[in-house]
Amino acid sequence: MAGVTDRPFRTLCRRLGAGLAVSEMVTSDVRLWHTGKSRRRLDHAGEDGIRSVQIAGADPAQMAEAARQNVGRGAEIIDLNMGCPAKKVCSVAAGSALLRDEALVARILGAVVAAVEVPVTLKIRTGWDRASRNGVTIARIAEDCGIRALAVHGRTRADAFAGEAEYDTIAAIKAAVRIPVIANGDIDGPEKARAVLEHTGADALMIGRAAQGRPWIFREIAHFLATGERLPEPGPAEVCALLLEHLEQLYTFYGEDAGVRIARKHLGWYCGTRPGGAALRSLVNQTVSSREQLAAVRDLFDRLETQQDPLAA
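Since the model is a prediction, treat every value here as computed from it, not as a measurement.

Asker: What is the right way to look at the pairing of strand 3 (residues 77-82) in this model?
Answerer: Looking along a regular strand, one sees the side chains alternate between the two faces of the sheet. The buried fraction of strand 3 is high, at six of six residues. Side chains I77, D79 and N81 of strand 3 all project onto a buried face; the interleaved residues I78, L80 and M82 project onto the opposite face, where all are buried too. Bridge analysis of strand 2 (residues 52-56) against strand 3 gives four bridges, and the strand direction is parallel. Bridging across to strand 3, I55 finds its partner in L80. Between the parallel elements strand 2 and strand 3, the chain passes through helix 3 (residues 60-72) in a crossover that is right-handed.

Asker: Where do I start with a positive patch on the surface in this structure?
Answerer: Among the surface-exposed residues, K37, R39, R40, K88 and K265 lie close enough to one another that they form a single positively charged patch. At three residues, the largest contribution of residues to the positive patch is made by helix 2 (residues 36-41). Within the secondary structure, R40 is located in helix 2. Residue R40 is classed as partly exposed on the basis of its relative accessible area of 33%.

Asker: In this structure, what is going on with the packing of aromatic side chains? I would like to understand it.
Answerer: Aromatic ring pairs: the centre-centre distance and the angle between the two ring planes describe each pair. Taken as a whole, this structure holds two aromatic pairs when the rule is applied. Pairing W216 with Y270 gives two aromatic rings, centres 6.4 Å apart and planes at 50 degrees, and the pair type is tilted. Linking W216 in the loop between strand 7 (204-206) and helix 9 (217-227) with Y270 in helix 11 (residues 256-271), this pair joins segments that are 54 residues apart in sequence. Judged on exposure class, the residue W216 and its partner Y270 are both buried. Ring geometry for F253 and Y254: centres 4.9 Å apart, planes at 85 degrees, overall edge-to-face. Residues F253 and Y254 agree in their burial class; the two are buried. Here the guanidinium or amino end of R100 rests over the ring plane of W128, the centre of that ring lying 3.9 Å away.

Calculation rules
Residues numbered from 1 in each chain as written. Predicted model: local features only at pLDDT ≥ 70, side-chain atom pairs only at ≥ 80, totals over all residues. Heavy atoms only, no water. Buried < 20%, exposed > 50% of the residue type's maximum accessible area, 1.4 Å probe, protein only. Helix = DSSP H or I, 4+ residues; strand = E, 2+ residues; numbered from the N terminus. Pairing = 2+ DSSP bridges. Right-handed = clockwise from strand over helix to strand, strands pointing away. Patch = residues over 30% accessible without salt bridge, like charges linked within 9 Å, V, L, I, M, F, W, Y side chains within 5 Å. Areas by Shrake-Rupley, 256 points an atom, 1.4 Å probe, with all protein chains shown as cover. Salt bridge = Lys/Arg side-chain N within 4 Å of Asp/Glu carboxyl O. Lys, Arg positive; Asp, Glu negative; His and termini not counted. Charge placed at Lys NZ, Arg CZ, Asp CG, Glu CD. Phe/Tyr/Trp six-rings, centres within 6.5 Å; stacked < 30°, edge-to-face > 60°. Lys NZ or Arg CZ within 6 Å of the ring centre and 35° of its normal.

Here you go:
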């Protein structure tokens, strides 16, 4: 998730139970890597866990070169994005727009797999639209080209994020290939996670939007799948500590000014549905310093602790 899964967020999610955290999507055009945004997206300094770098583009040679350069920078997995539905990505025939050109998909996958020695994985949707769900065909192409694992979001590009994800296509893909299949889409809690695994037969799950403001979802799902029991929701003190830690990492990574701006959306996700959350969002949108943001967070959670609100997400 571009703009969300930066190094501070990946670090936090891994610590809270995520088995793998993939980098923000970066362009395959290495000529654009000099920008501050691209440099930060390519920055994995000090990260623990497996380093998986996601690239997007539509030119096989360019994608192969981007993969080689990322491996040279320390990437241990190259993840190819053919699932992004964003208009600015699809308008240059990248992301999920590639699902309309199966021959080009094969050329890109073949070029990247041949270019690097590390595993190459792929993220797709079920198809371009509901009339052309070709996820099974794309999955077979991926397997034939040497892709090592396939993540599938249970919507078409035309669906964007509207309606509900469907898992029948993911189940059909799992039945059609031997490589690991990762189910994605609307997995927002432990019970839903188990249901999706049972329905699809998938080997793993990918969590996206449900982790925004709730990074402990990974440990909740892992515990439930292992024991059949739900972990208690984190209380105000723990949520406050995690949020403050996240904010401090954002300020360090981006610098004071940019860190304060980027922190606002995370604060909105953490506090959006909680008592006092609306007031905090309004307040932090006016803050101009990290000191003010941190003080606002401490004040809100001090009041919630006193009121003993459960802060259930």
